[in-house]
Amino acid sequence: MSTAERVVRTARERFSSVLLLPVPQRVDDALLRSTAGPGEPLAPPPAGSGLLPVPGDRGMPFLGHTPRYIRYGSDFTRHRFERYGPVSWMGTPGGPFAIAAGPQASREVLANADKAFSQEAWRFTVDRFFHRGLMLLDFDEHKAHRRIMQEAFTADRIARYVDQTLPVVREIVPSWATDRPVRIYPALKSLTLDVATRVFMNGRSGPEADRINTAFVNCVRAANAFVRWPVPGTRWQKGLTGRKVLEKWFSDNIAAKRAGDGEDLFSALCHAVTGDGERFSDADIVNHMIFLMMAAHDTSTTTAAAAAYHLARNPEWQERARAESLALGDAPPDVPALRGLRTLELVIKEALRLNAPVPVVMRTAVRDTTIVGHHIPAGTRILVAQAVNHFDPGCWTEPDRFDPERFAEPRREDKSDRDAWIPFGGGVHKCIGLHFGTLEVTAILHEMLRTRRWTIDPGYRLRWDNTSLPVPVGGIPVRLTPLRSTG
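For clarity, every value in this text was computed on a predicted model and none was experimentally measured.

Definitions and limits used
Residues numbered from 1 in each chain as written. Predicted model: local features only at pLDDT ≥ 70, side-chain atom pairs only at ≥ 80, totals over all residues. Heavy atoms only, no water. Helix = DSSP H or I, 4+ residues; strand = E, 2+ residues; numbered from the N terminus. Rg over C-alpha atoms; globule rule 2.2 N^0.38 Å. Buried < 20%, exposed > 50% of the residue type's maximum accessible area, 1.4 Å probe, protein only. Contact = heavy atoms within 4.5 Å. Areas by Shrake-Rupley, 256 points an atom, 1.4 Å probe, with all protein chains shown as cover. Lys, Arg positive; Asp, Glu negative; His and termini not counted. Charge placed at Lys NZ, Arg CZ, Asp CG, Glu CD. Salt bridge = Lys/Arg side-chain N within 4 Å of Asp/Glu carboxyl O. Axes fitted to C-alpha atoms, helices over the stretch in contact; angles between N-to-C directions. Parallel < 35°, antiparallel > 145°, perpendicular 65-115°, else oblique. Nonpolar A, V, L, I, M, F, W, Y, C, P; charged D, E, K, R; others polar. Core = buried A, V, L, I, M, F, W, Y, C linked by side-chain atoms within 4.5 Å. Pairing = 2+ DSSP bridges. pLDDT = per-residue confidence, 0-100. UniProt positions renumbered as here; feature names shortened; annotations may be inferred. Expected span 1.5 Å × (residues − 1). Bend = angle between axes of the 7 residues up to and from the residue.

1. Let's talk about the overall build of the protein chain
Part 1 of the reasoning: Counting its regular elements, the protein chain contains 17 helices and 13 strands.
Part 2 of the reasoning: Computed over C-alpha atoms, the radius of gyration of the protein chain comes to 23 Å, within 12% of the 23 Å expected from 2.2 N^0.38 for 487 residues, which places it in the range of a compact globule.
Part 3 of the reasoning: With respect to the principal axes defined by its C-alpha atoms, the protein chain has extents near 70 × 50 × 45 Å.
Part 4 of the reasoning: A burial count over the protein chain gives 55% of its 487 residues as buried.
Part 5 of the reasoning: Sequence separation of at least 24 residues holds for 72% of the intrachain contacts in the protein chain that already meet a minimum separation of 6.
Part 6 of the reasoning: Looking at the protein chain as shown, the accessible area adds up to about 20900 Å², and 55% of this sits on carbon and sulfur atoms.
Part 7 of the reasoning: One finds the centroid of the 63 positive side-chain charges in the protein chain at a distance of 4 Å from the centroid of its 55 negative side-chain charges.

2. Examining the pattern of salt bridges
Close approach of charged atoms allows side chains of opposite charge to pair.
Part 1 of the reasoning: This model, assessed by the stated rule, comprises 35 salt bridges.
Part 2 of the reasoning: For the salt bridge of D138 with R123, the shortest nitrogen-to-oxygen distance reads 3.1 Å. Linking D138 in the loop between α6 (120-126) and α7 (139-149) with R123 in helix α6, this pair joins segments that are 15 residues apart in sequence.

3. As for the packing of helix α13 (residues 282-313) against helix α16 (residues 342-354)
Part 1 of the reasoning: Following both chains from N to C, one finds α13 and α16 inclined at 110 degrees, their axes separated by 9 Å at the closest point. On the basis of their axis angle, the class for α13 and α16 is roughly perpendicular. Touching T303, A306, A307, H310 and L311 of α13 are L344, V347, I348, A351, L352 and L354, all from α16.
Part 2 of the reasoning: In terms of residue class, the contact of α13 with α16 is built from nine nonpolar, two polar and no charged.

4. Some words on the environment of A100
Part 1 of the reasoning: Looking at where A100 falls in the secondary structure, it is placed in strand β3 (residues 97-101).
Part 2 of the reasoning: Distance from A100 to P86, taken between C-alpha atoms, is 5.7 Å for residues 14 residues apart in sequence.
Part 3 of the reasoning: Leave out the neighbours within four places in its chain, and A100 touches P86, A105, V109, I371, I382, L383, V384 and A385.

5. With respect to the nonpolar core
Part 1 of the reasoning: One finds F130, W176, L191, F250, L265 and I371 to be the most contacted residues of the largest nonpolar core, which totals 137 residues.
Part 2 of the reasoning: At 16 residues, α13 tops the list of elements feeding residues into this core.
Part 3 of the reasoning: Discounting chain neighbours no more than four positions away, the residues touching F130 are L136, C219, V220, A223, R243, I290, F291 and M294.

6. A word on the sheet that holds strand β6 (residues 361-365)
Part 1 of the reasoning: The strand order across the open sheet formed by six strands is β1-β2-β3-β9-β6-β4, and the pairing between neighbours is mixed. In this open sheet, the two strands that pair with only one neighbour each are β1 (56-57) and β4 (117-118).
Part 2 of the reasoning: Examined bridge by bridge, β4 and β6 share two bridges and lie antiparallel to one another. Residue pairing in the sheet places S118 in a bridge with T364 of β6.

7. Some thoughts on the pairing of strand β13 (residues 477-482)
Part 1 of the reasoning: Here strand β5 (residues 182-183) pairs with β13 via two bridges, running antiparallel. Within β13, the position partnered with V182 by the bridge is V478.
Part 2 of the reasoning: Pairing analysis gives four bridges linking strand β10 (residues 452-455) to β13, with the strands arranged antiparallel. Residue pairing for β13: T455 is matched across the bridge by R479.

8. What about the sheet that holds β10?
Through backbone hydrogen bonds, the strands of a sheet pair up, either in parallel or in antiparallel fashion.
Part 1 of the reasoning: Pairing in this open sheet of three strands is antiparallel, and the strands run β5-β13-β10 from one edge to the other. The open sheet terminates on both sides in strands that have one partner only, identified here as β5 and β10.

9. Digging into the confidence of the model for the protein chain
Low pLDDT marks stretches whose predicted atomic positions should not be read closely.
Part 1 of the reasoning: Chain-level pLDDT for the protein chain is 89 on average; 90% of the residues reach the 70-or-more range.
Part 2 of the reasoning: Note on residues 1-39: pLDDT under 50 across the span, and 74 contacts to partners over four residues away in sequence or across chains.

10. What about the UniProt feature "binding site: heme" (unreviewed entry) in the protein chain?
Part 1 of the reasoning: Under the UniProt annotation, the feature "binding site: heme" (unreviewed entry) is placed at C431.
Part 2 of the reasoning: You can see C431 is positioned in the loop between β9 (381-385) and α17 (434-451).
Part 3 of the reasoning: Setting aside its immediate chain neighbours within four residues, C431 contacts R146 and F424.

11. Thoughts on the pairing of strand β2 (residues 87-90)
Part 1 of the reasoning: The two faces of β2 match: V87 and W89 on one face and S88 and M90 on the other face are all buried.
Part 2 of the reasoning: For β1 and β2, the ladder comprises two bridges, and the chain directions are parallel. Along β2, the bridge assignment pairs D57 with M90.
Part 3 of the reasoning: Pairing geometry for β2 and β3, over four bridges, is antiparallel. Note that in β3 the partner of V87 across the bridge is A100.

12. Re helix α11 (residues 235-259)
Part 1 of the reasoning: When the terminal C-alpha atoms of α11 are compared, their 36 Å separation across 25 residues agrees well with the 36 Å that a helix rising 1.5 Å per residue should span.
Part 2 of the reasoning: Largest kink in α11: about 40 degrees, centred on N253.
Part 3 of the reasoning: By the burial criterion, the buried members of α11 are W236, G239, L240, G242, R243, L246, W249, F250, I254 and K257.
Part 4 of the reasoning: Against α9 (184-201), α10 (207-222), α12 (265-271) and α13 lie the buried residues of α11.

Structure (structure tokens):
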């Protein structure tokens, strides 16, 4: 390799996970459509293999299509799907990425039947802050860790987590302001962080809890930092410091958790043991707890915020859901009661379809392989654009329209293909906490419905910043009004 090639490779490696780039605030269809020439595609298939080459284009010089994805998110990946089909490539600062979109292509990658795809692309991006979290493990090691962790997500455990969630929700939701607009996304983000502190760590209020929460938030923010060196005052440096704080706190408390019989997730991981006697080491518990806080907190926030937005925009659905919540009475609902809120179930599923909290996941090909007949060379980084499936007209009627009834009998459009609706991912890495996460979101929206009515300015349009996980630009400002019947 020449000196020039080494310089280029080093630059690509430095910037391949950088997504925090300035992009226009104005919707610009020309930007969405534009390209800057074909550039160099992925390596062609072997002669005589019968495999298809991967079509695509580089995008803008050096930056590739990264700014377009940040600005347009799923609209961008949908456009690529419509233009190139289920497999394409795009340029990024770190070199070409293959995009797998649509039910069949995403299924082949996520199912990973021949173990051709690893989690290396995720590790390259977030490992410094979420080291050896479940999502970052591969193959037999991942299977072993998931088997142990499943002991912390049994039905009985989930019911206890819900019991711990409800008091936090009932304390905080009624405290939101009603005399001025409230940005519901940051309000929900604060709430779900409080829930995570309580449910995951049996956390209490006070300086120590604030310190842990700050450290956790700094880790999340650092994962998408532009400056990725330990320069004082930067997100990256704060994240590295935050990771050390979290490691020390969890390590210092493991002995007490192992000796006790707490109901929180931290205690559950300390006591988790399979029928074969497998259990986590202390280091495993520290790594998994830090990762689980991030995974549960951000996705629940996005889902609850999207559902609240759609309920504000569609007041008839809000009233329909409210009637079911009020019918439960004032007693804190248990798991069966929450699952009996059928209208909320439909609304949440539709919100997850329209605004998937994790619209893409990443993989790396560990050897030459194929995706729907296209040649994928070893080492190729792959973006599985799973949210594209949620808008496939072959699976969904008028896919851009808010229509929760599509999930009700007899329509069940989500059954049109087994991967038509995959907001929790698929295959062996499907979200292990999806049942608790859905119940948490249901509990939050239920409390909002029974205590508040909310509206949104007709001129407000929901737009997502896709720098990392989707965040609504402007925070979704709503106006909350107390219900007279509940004070």
